[in-house]
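# Notes for the structure review
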Amino acid sequence: MVDEGSLPTTENESSEEEDGAATIAQIEKMMMATPSLSGIISRKLKSPTDEQRLRKMLEPNIRRCVKEEVELTLQRCMPSTTRLPPLLISPKPRPPDFRLAFANTALLLPIFTRAKILDNAKNPLRILLVNKSEGADIAPPFPLKVEIVALEEKVPFDDKKTWTVEQYNSCIVKAREGRCPLLYGVMNYTMREGIILVGDIEFTDNSSWIRCRKFRLGARVVPESCKGVRVLEAVTEAFRVRHHRGVVYKKHYPPRLEDEVWRLEKIGKDGKFHKNLQEAGIRNVQDFLKLSVVNATELRKILGASMSEKKLEALIKHAKTCGMGTKLYIYRENGYNLVLSPICQILEITINGQTCLMENLTPYEKDIVDKLVVTAYNNWQSLEEIDKQHLDPATNPPQGGPMIPQHLDCDGVMPCQYMLPLQLEMGGSDHIQATDCPDLHMEDLLIDYESNNMN
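Not measured: the values here are computed from a predicted model.

## A closer look at the sheet that holds strand 9 (residues 215-221)
- Read from one edge to the other, the open sheet built from four strands follows the order 6-4-9-11, with strand pairing classed as antiparallel. Strands at the two margins of the open sheet, each flanked by one partner only, are strand 6 (188-191) and strand 11 (234-235).

## Things to note about the nonpolar core
- Core analysis: the biggest nonpolar cluster contains 34 residues, and Leu100, Ile127, Ile148, Phe203 and Leu217 have the highest contact counts within it.
- Elements that contribute at least two residues to this core include exactly strand 1 (98-102), strand 3 (126-131), strand 4 (144-152), strand 6, strand 8 (201-203) and strand 9.
- Ignoring any residue separated from it by four or fewer positions in sequence, one finds isoleucine 127 in contact with Leu100, Ala101, Phe102, Ile148, Met191, Gly194, Ile195, Ile196, Val198 and Ala219.

## Details of the sheet that holds strand 15 (residues 346-351)
- Judged by pairing direction, the sheet is antiparallel, and its five strands sit side by side in the order 16-15-14-13-17 without closing on themselves. In the strand order of this sheet, the two ends are held by strand 16 (354-356) and strand 17 (384-387), each with one partner. Across the sheet, the mean angle separating the axes of adjacent strands is 30° when strand polarity is ignored.
- In this structure, strand 15 lies alongside strand 16, joined through three bridges in antiparallel fashion. Paired with isoleucine 351 across the strands is glutamine 354, a residue of strand 16.

## What about the pattern of salt bridges?
- Going through the model one piece at a time under the given rule, you end up with 13 salt bridges.
- Across the pair aspartate 259 and arginine 256 runs a salt bridge whose closest N-O atoms are separated by 3.2 Å.
- Accessibility expressed as a relative area gives 5% for aspartate 259, which makes it buried.
- Here arginine 256 falls in the partly exposed class, since its relative accessible area comes to 42%.
- In this structure, glutamate 385 engages lysine 327 in a salt bridge whose closest nitrogen and oxygen atoms are separated by 3.5 Å. With glutamate 385 in strand 17 and lysine 327 in strand 13 (residues 327-333), this pair connects stretches of sequence that are 58 residues apart.

## A few points about the packing of aromatic side chains
- Taken as a whole and judged by the stated rule, the model has five aromatic pairs.
- Both rings, one in tryptophan 163 and one in tyrosine 168, keep their centres 6.2 Å apart while their planes meet at 15°; by these two values the pair is stacked.
- On the basis of an interplanar angle of 0° and a centroid distance of 5.1 Å, the ring pair of phenylalanine 203 and phenylalanine 215 is categorised as stacked. In this pair, phenylalanine 203 is assigned in strand 8 and phenylalanine 215 in strand 9, connecting sequence segments 12 residues apart. Neither residue differs from the other here; phenylalanine 203 and phenylalanine 215 are each classed as buried.
- Following the ring pairs from residue to residue traces out a cluster consisting of Phe203, Trp209, Phe215 and Phe239.
- We note lysine 227 situated over the ring of phenylalanine 142; from NZ or CZ to the ring centre the distance is 4.9 Å.

## Describing helix 5 (residues 272-279)
- Of all the positions in helix 5, only Phe273, His274 and Leu277 are classed as buried. An end-on view of helix 5 places all buried positions within 100° of arc, on one side of the element. Looking at helix 5, the residues exposed on the side facing more than 90 degrees away from the buried face are Lys272 and Glu279.
- Those residues of helix 5 hidden inside the fold are in contact with helix 7 (296-303).

## Structural notes on the pairing of strand 6
- Of the two faces of strand 6, the one lined by Tyr189 and Met191 is fully buried and the one lined by Asn188 and Thr190 carries no buried residue.
- Bridge count for strand 4 against strand 6 is four bridges, and the pairing is antiparallel. The residue of strand 6 that forms the bridge with leucine 144 is methionine 191.

## Regarding a nonpolar patch on the surface
- On the surface, a cluster of nonpolar side chains totalling about 580 Å² of accessible area is made up of Leu54, Met57, Leu58, Ile62, Val66, Val70 and Leu74.
- Along the chain, leucine 58 turns up in helix 3 (residues 48-77).

## Focus: the confidence of the model for the chain
- When pLDDT is averaged along the chain, the result is 77; 68% of the residues meet or exceed 70.
- Under a pLDDT of 50 for its full length, residues 1-8 has, in the predicted model, zero contacts with residues more than four places off or in other chains.
- Of the regions scoring below 50 in pLDDT, residues 393-455 engages in 124 contacts with residues more than four places distant in sequence or in other chains.

## Here's the deal with the pairing of strand 9
- For strand 9, the buried fraction is high: seven of the seven residues fall into the buried class.
- Here strand 9 shows a buried face lined by Phe215, Leu217, Ala219 and Val221 and a second buried face lined by Arg216, Gly218 and Arg220.
- When strand 4 meets strand 9, the two strands line up antiparallel, connected through seven bridges. Bridged to glutamate 152 within strand 9 is phenylalanine 215.
- Pairing of strand 9 with strand 11 involves two bridges; the strand directions are antiparallel. Bridge pairing in strand 11 links alanine 219 to alanine 234.

## Quick word on the side chain of threonine 113
- Here threonine 113 shows up in the loop between strand 2 (111-112) and strand 3.
- When near neighbours in sequence (up to four residues on either side) are disregarded, threonine 113 contacts Phe203, Thr204, Asp205, Asn206, Val241, Arg242, His243 and His244.

## Section: helix 7
- Among the residues making up helix 7, those that are buried are Leu299, Ile302 and Leu303. Burial along helix 7 is one-sided: seen end-on, the buried residues are contained in an arc of 95°.
- A positive phi of about 90° marks glycine 304, the residue just after helix 7.

What counts and what doesn't
Residues numbered from 1 in each chain as written. Predicted model: local features only at pLDDT ≥ 70, side-chain atom pairs only at ≥ 80, totals over all residues. Heavy atoms only, no water. Pairing = 2+ DSSP bridges. Helix = DSSP H or I, 4+ residues; strand = E, 2+ residues; numbered from the N terminus. Core = buried A, V, L, I, M, F, W, Y, C linked by side-chain atoms within 4.5 Å. Buried < 20%, exposed > 50% of the residue type's maximum accessible area, 1.4 Å probe, protein only. Contact = heavy atoms within 4.5 Å. Axes fitted to C-alpha atoms, helices over the stretch in contact; angles between N-to-C directions. Salt bridge = Lys/Arg side-chain N within 4 Å of Asp/Glu carboxyl O. Phe/Tyr/Trp six-rings, centres within 6.5 Å; stacked < 30°, edge-to-face > 60°. Lys NZ or Arg CZ within 6 Å of the ring centre and 35° of its normal. Arc of directions from axis to C-beta. Patch = residues over 30% accessible without salt bridge, like charges linked within 9 Å, V, L, I, M, F, W, Y side chains within 5 Å. Areas by Shrake-Rupley, 256 points an atom, 1.4 Å probe, with all protein chains shown as cover. pLDDT = per-residue confidence, 0-100.

Structure (structure tokens):
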């Protein structure tokens, strides 16, 4: 008798066997359908061209792998080596036998385009050949062809005393695309006596377009002429090159009396200070210096609060480097004769025919003199003009201390600066107090003075 519970079990087992067989058949079918690597390569390399292309693709990778394996093997063989030397070792740079050098590496500044380049002593540039070991000027053993080039302001020139030819050449600046050559003039010279006098050289473009904003001038030996001798190249100090239109706004060192006032430091052409001075009638350097002598407070007021004390000090210092020339000016009034410099400084005082020293004047007379200086300043165009060479030799100022300036309390005018001592002697007189009234006329002062003397 058959157990009824065993029949389902037999059916399940036969079903599982059928499923397993089907799965195996599918796997075998997939394996037959999947191509092998060799089959893929065979199908791809149907022509010699495809084979060559594959070789070109694989060769760099194979070389890289081989190189890495070789280096790893060398590292294992040399464990004490801290760093693996490169497979290609560049030769050590040869130390220079000689060097070129500019006799003066500092150039005359500022430098503008289309302007001749000179050293800071206003002399043409000179290039010397120097013995590297001794530092002495020598003559070359054979003629050297030297080329002038423009360089960037960057290493190695700031940090090293020597450099390689490649480092130097990498700093050479070429002209911008579409522009004329950066340097104009005679660029090539032959050195025979150990010195080259450089001719006219000028820049055709400014330096604002390069990253460092500055150029250097350099001199190098043409490789074909050095015959195996290493000659270190020459460099100047770095400098900016401005466009030649900046010459129009160039400051003058020293300024001239007739220069427009914006030629002075801290005063820009058509700037705020320039306009303020023009509105006040200060047109040139002479006008500026005259007002600074006669009324420094008024000058300070004209310039305004935006002119700091430090800037004003630099401005006046620059103005005072101006040459005074040979012209002198005479102002006469009521027995007083004043000889003034072009900037309204007192050079000589004559009272009633007697030449006097400022320190010997009474306070009353000093007050009169200070007022006369202000009057002379306000009437400058009407003053008598003379040449100082025509001045009486007996009245030329001797050597001595400066005269003592006096402050005018009555009208707020700052003291005159008396630069030169005065010669002359004056007789004594009774002490007379100066009046405190600013409106009192000069004739009234003289009447009071005479009446006091008579008493």
